[in-house]
Amino acid sequence: MSEHGNAAVRVVLHAESDRIAMRSALQTRAPETLRRHALRGLRRVLPIIATDFILFETAGLLLRLVRDFGVLGRTVQTNVAAIVPGGSLGSAHFMVALFLGLLVTGTYGRGDQRHDVARLIQGTALGAALALWDSIWVRGLDITLIQFIITTVGLSTALIAGRHLVVMLLDRMDRRRGAARTLLVGRVNECSSAWASSNLLRRRRDYEVIGVAAVGLHSSSQSLGGVEDLAHLIDAHGIETLYITGGLSEPDLDHVIDVGLAAGCEIIASMGALNSSAVIPKIDWHDGEPVIALTRPSFQARDRLLKRSLDILLGTITLIVTAPLMALIALAVVTTSEGPALFRQERVGRGGRVFRIYKFRTMHHDAENRKAALQSKSLYGDARLFKVESDPRVTRVGAFLRKSSLDELPQLINVLRGEMSLVGPRPPIPSEVSLYEERHYCRFDVKPGMTGPWQVGGRNLIRDFEEVIRLEKSYIQNWTIIRDIVILTKTIPALFRTNEAY
């Protein structure tokens, strides 16, 4: 490639690196954003739990005043004692049963669930049933049923009134303390309509709208920029929630979801605004309006620690066990062709950081100079991937090493240095990254791997770059340590399927 061409690649790669770095910065601030969401949720749930406890204790106190001290007269005291004798609703076990009932029916959940009348009645009924189950066998069904009905009606009425009072007080408190900084995403007219008409947004209780990230033309006073600027807008304005109003194409929607979740943002959408399988949708009600909350599994701090521990443990063991084999391979490489045993090449890793990858040299020393002439013979027909069948640059020893993937063994050094993982997306070279679109940056959300879903899913038989990205994105979104172990296990038989390697 000419000097002019190299300079052009460097300029493009620099711009791409800036965008990848912005994504990495969003991931760095994601834990703080998630912490603020969690604290905001606790501020709304803990007062409700405390109110339920106070109401329960107050109900118990009133019961004891009537039953044990006869404050409403002897006749009432006798009747109440017959229906609810002392010890039949023990304070501790009834409180636990009531809490479990309310928890199971979702009344400590999100949005309107917390003061939904039907859920509160169901939760109270379930708690009372749990607490009175043994009473059926001791006192009989008839008297226990009367006790169940009175308890459910009395407590659920108190809880419904208490919840609405708490919500009203929290509304006023939240207005003073501030809600989640929210960015509307969609067409300007749809965002403006949602901003003006939605109770969820107008009341500024849970969400404070900062502006709009618009699709298409966005010359509006409300628009802070376009969807393509989303990462910058989230970072610049401290956005915590994205509200999708509609009008997004599937690629734009995938981009919004990808960037938003990478930044730790809560993502919600109006009904009918979605057309994506990349997330797990869940319908929530806020102020009587249905919205869709979007979530997906992602790497958390504990996941990264667990994955790193596996890398260090298995990487160290494998390096020790294969050290004699690697010494023999190195000797074979240097004695059969001119050049060093190891090949070092710049690759792009997590967060767009460039590192030097180690491999056993499988090609003649002038291989890089001959690559441009072979580009048209690549198996993929896509400049973002390159592989040639029967590559004339490959040495005889190199051909065997490539077929068996033994040339990858020195990457254990990269793993132990923390630049790579045993399992993950394969690290591309900078010139390939310069051709990426932003949706492809998901490869850089985690460390690259020695093996990964592409390798066990078909290696060079998978020749569509978008399919490679889909496999790697699915791996990142649904990661578990068990999945890493399964991929490592599948890698061994994949090494012997030589029709998939070149």
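Residues numbered from 1 in each chain as written. Predicted model: local features only at pLDDT ≥ 70, side-chain atom pairs only at ≥ 80, totals over all residues. Heavy atoms only, no water.

Draft legend 1. Examining the overall build of the protein chain more closely. If you tally the helices and strands in the protein chain, you get 17 helices and eleven strands. Long-range contacts, defined here as pairs at least 24 residues apart, represent 70% of the contacts in the protein chain between residues at least 6 apart. Accessible surface computed for the protein chain: about 24400 Å², of which carbon and sulfur atoms make up 63%. (Helix = DSSP H or I, 4+ residues; strand = E, 2+ residues; numbered from the N terminus. Contact = heavy atoms within 4.5 Å. Areas by Shrake-Rupley, 256 points an atom, 1.4 Å probe, with all protein chains shown as cover.)

Draft legend 2. Examining the packing of aromatic side chains more closely. Considering all chains together, one arrives at three aromatic pairs under this definition. Between the aromatic rings of tyrosine 436 and phenylalanine 444, the centroid separation amounts to 6.0 Å while the plane-to-plane angle is 20°, which identifies the pairing as stacked. Both residues of the pair, tyrosine 436 and phenylalanine 444, belong to the buried class. (Phe/Tyr/Trp six-rings, centres within 6.5 Å; stacked < 30°, edge-to-face > 60°. Buried < 20%, exposed > 50% of the residue type's maximum accessible area, 1.4 Å probe, protein only.)

Draft legend 3. Local environment of unusual backbone geometry. Non-glycine residue serine 405 carries a positive phi angle of around 65°. Tracing the backbone through its elements, the reader meets serine 405 in the loop between α12 (396–404) and α13 (411–416).

Draft legend 4. How the structure looks around the pattern of salt bridges. In the structure shown here, the tally under the stated rule is ten salt bridges. Here lysine 307 ties to aspartate 484 by a salt bridge, and the two come within 2.5 Å at their closest N and O atoms. With lysine 307 in helix α10 (residues 301–336) and aspartate 484 in helix α17 (residues 481–495), the pair connects residues that are 177 residues apart, well separated along the chain. Taking relative accessible area as the criterion, lysine 307 reaches 7% and is therefore assigned buried. With a closest N to O distance of 3.7 Å, aspartate 407 and lysine 359 form a salt bridge. (Salt bridge = Lys/Arg side-chain N within 4 Å of Asp/Glu carboxyl O.)

Draft legend 5. Molecular detail of the side chain of threonine 395. Locating threonine 395 in the fold gives a position in the loop between α11 (367–374) and α12. With near-sequence residues (within four places) excluded, threonine 395 lies in contact with Ser337, Thr362, Met363 and His364.

Draft legend 6. Seen up close, the environment of valine 397. Looking at the element boundaries, valine 397 is found in helix α12. For valine 397 and alanine 332, which are 65 residues apart along the polypeptide, the C-alpha to C-alpha distance reads 7.2 Å. Setting aside its immediate chain neighbours within four residues, valine 397 contacts Ala332, Val333 and Thr336.

Draft legend 7. The side chain of glutamate 408, seen in detail. Within the fold, glutamate 408 resides in the loop between α12 and α13. The buried category is assigned to glutamate 408, whose relative accessible area is 16%. Polar side-chain contacts of glutamate 408 include one of 2.2 Å to the side chain of glutamine 411. A polar atom in the side chain of glutamate 408 sits 3.2 Å from the side chain of arginine 426. Those residues in contact with glutamate 408 that lie beyond four places of it in its chain are Lys359, Arg426 and Met450. (Polar contact = N/O pair within 3.5 Å; in protein donor to acceptor, adjacent residues only side chain to side chain.)

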